[in-house]
Amino acid sequence: MNRTTVAVLYGGRSTEHSVSCVSAGAVISHLDRSRYDVIPVGITSTGTWTLGTDDVSTLQIVDREMPVVDAGRPQVALGLSTEDRGVLRYVDGDRAGEEIARIDVVFPVMHGTFAEDGTIQGLLELSGLPYVGPGVFASAAGMDKEFTKVVLGAAGLPIGQQVVLRPGTEKLTKAEQDDLGMPLFVKPARGGSSIGISKVSRPEDLDAAIAEARRFDPKVIVEAAIIGREVECGVLEYSDGRVEASLPAELHIPGETTDREGESEGDSFYDFNTKYLDDVTTFDLPAKLPENEIEQLRELAVRAFRAIDATGLTRVDFFVTADGPVINEVNTMPGFTPISMYPQMWAATGVDYPTLLSVLVQTALARA
Ligand SMILES: Nc1ncnc2c1ncn2[C@@H]1O[C@H](COP(=O)(O)OP(=O)(O)O)[C@@H](O)[C@H]1O
Ligand SMILES: [Mg+2]
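Residues numbered from 1 in each chain as written. Chains lettered and ligands numbered in written order. Predicted model: local features only at pLDDT ≥ 70, side-chain atom pairs only at ≥ 80, totals over all residues. Heavy atoms only, no water.

Caption draft 1: Summary view of the domain arrangement of the protein. Segmenting the protein into domains produces domain 1 (4–132), domain 2 (141–159 + 227–367) and domain 3 (162–224). Computed from C-alpha coordinates alone, the two centres of domain 1 and domain 3 are separated by 34 Å. In this assembly, domain 1 packs against domain 3 so that about 340 Å² is buried in total across both faces, 60% of it on carbon and sulfur atoms. Area buried by domain 1 at its contact with domain 3 is led by Thr-15, Glu-16 and Thr-113, which between them contribute 88% of it. Between the two partners, domain 1 and domain 3, sit zero salt bridges. Summed over the shared surface of domain 1 and domain 3, the number is one residue pair in polar contact (both at pLDDT 80 or more). Considered class by class, the residues forming the side of domain 1 that touches domain 3 number one nonpolar, two polar and one charged. (Domains from an automatic or database assignment. Buried area = accessible area lost by both parts, 1.4 Å probe. Salt bridge = Lys/Arg side-chain N within 4 Å of Asp/Glu carboxyl O. Polar contact = N/O pair within 3.5 Å; in protein donor to acceptor, adjacent residues only side chain to side chain. Nonpolar A, V, L, I, M, F, W, Y, C, P; charged D, E, K, R; others polar.)

If you want it as C-alpha cells, here you go:
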C-alpha cells in the first residue's frame, strides 16, 4: 500500500493556540504509522511556521501549564504554487531551501481564528492541497456565532435568541434587554474554548461583560441563557460520502468553578478551566436520554452539518431543554485532546481513535 504523508498543523495565532497543541499531540500519537508518515508543523503564536516536534510529551498540559509551539525550532515553508505544491522546505539556516517532505494531505488541528475560520482552508484550497475538515464557507460559518445561527435558523433548525453588538455599539437597547431577560451569556462572536465568555446575572454587570468579550472580538454576541442539559454529538463523513452521527454525550459541569468565589449555584458554566484544567467535568456517554431523543439529536446533528455545508467532520453542541433540543454551536475542528468529546464519542460508537483519523484523512483525499 502507498504510504501517505500527513502534515499535522497546530498552534497558530488564535487564543486557542495551546488547546490546538494538546489536540495535535493526541492526533500525532494516534495516526496509524503503518499507513501514514506524519510531519508535525507548529505555527507560533506570532505566525511563524516551524518544523514541529514528534515528542508529544511537549504537547501536553503539565501542572496546569498549557503548551505552546517552540519558536526555537527550524522555520519551514509549505509550497503553495502548482510547481511545488505540498513541498515542505527549510527556510533559514544552513539547510535553507532543502526539501523536508512532500505533503499529500494537511490535517489542520487548529482551533479559532486564522485556523478554524476558513483562512487556513482558503490557503490550502488555493494551493490545491487536500486537507481534513470543512471548507472555507463551513469553517467561516461555524466560527462566527452570529452566522452559525443565521444559517441554522434559515434551515429550520432550533436555535436560541441572540443580539449582535457590532463595533461602535456598546449597549443593548431597553427592548433588547427586556426581550432577552436575565441571565445572559456574552461572547466574542468568533471565539472558542469559552475564552472571553461571561454569564451575566445582574444588569449592572453587563457593561463589563461586553468589554471583556470585546478584548477578543470587536463583534459581541449577547444571548438569553438557555436552561437545558449540555449534550454534544459528533458528525463524520466517510470517503464514500456517507455522513453519520455518533452517540451523543451529556456533560455534567459541577456547581462551582475555581475562579468564582461566593457566587452560588447557577453561575457555573463550561468555562476554560472547567474544560481543560480543573479535571471536574464528568459525562454520560451515551447521554441518558430516551432512545427517540437520542435519534432526534443525531438527525439534527447531521442536518446542521449539511446546513453549514460542512465536509469531513463537525461537533454539534446542544442544550436539551424541556421544550426539546436547541443547537448552541457547530464546531468545525472540535478538540482532539485526550479528554475531548469528539474522539471519545466516536470510540463509544465503535470507531476507535486511529480509525477515526484514517477516515478523516481518506475522506480528505477522496474529496480532492
Ligand atoms: N445561551 C446559553 N445558555 C446557557 N449556557 C450557555 C449559553 N451559551 C453558552 N453557554 C455556556 O457557555 C459554554 C461556552 O459557550 P459556547 O457558545 O459553547 O462557546 P465556545 O465556542 O467558546 O465553546 C457552553 O458550553 C455553556 O456551558
Ligand atoms: Mg462550546
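Caption draft 2: The arrangement of helix α1 (residues 17–30) in detail. In this model, α1 (14 residues) spans 20 Å end to end at C-alpha, consistent with the 20 Å of a helix rising 1.5 Å per residue. Among the 14 residues in α1, 12 count as buried, and that is most of the element. Every buried residue of α1 is listed here: His-17, Ser-18, Val-19, Ser-20, Cys-21, Val-22, Ser-23, Ala-24, Gly-25, Ala-26, Val-27 and Ile-28. Buried positions along α1 lie against β1 (4–11), β2 (36–43), β7 (105–108), α7 (272–277) and α10 (353–367). (Helix = DSSP H or I, 4+ residues; strand = E, 2+ residues; numbered from the N terminus. Expected span 1.5 Å × (residues − 1). Buried < 20%, exposed > 50% of the residue type's maximum accessible area, 1.4 Å probe, protein only. Contact = heavy atoms within 4.5 Å.)

Caption draft 3: Structural context of helix α4 (residues 145–154). The complete set of buried residues in α4 reads Lys-145, Glu-146, Thr-148, Lys-149, Val-151 and Leu-152. Next to the buried residues of α4 lie α3 (136–143), β8 (162–165), β9 (184–188), β11 (220–224), α8 (291–307) and β17 (324–331). One side-chain oxygen at the N-terminal end of α4 lies 2.9 Å from the backbone nitrogen of Glu-146; it belongs to Asp-144.

Caption draft 4: Quick peek at the site of ligand 1. Contacts to ligand 1 come from 19 residues, most closely from Lys-145, Lys-187, Ser-194, Ile-226 and Glu-230. Separating a nitrogen atom of ligand 1 from a backbone N or O atom of Ala-224 is a distance of 3.0 Å. Contact distances for ligand 1 include 2.4 Å between an oxygen atom and a side-chain N or O atom of Glu-230. In the complex, 95% of the free accessible area of ligand 1, which totals 540 Å², lies under the protein chains. (Near = heavy atom within 4 Å. Areas by Shrake-Rupley, 256 points an atom, 1.4 Å probe, with all protein chains shown as cover.)

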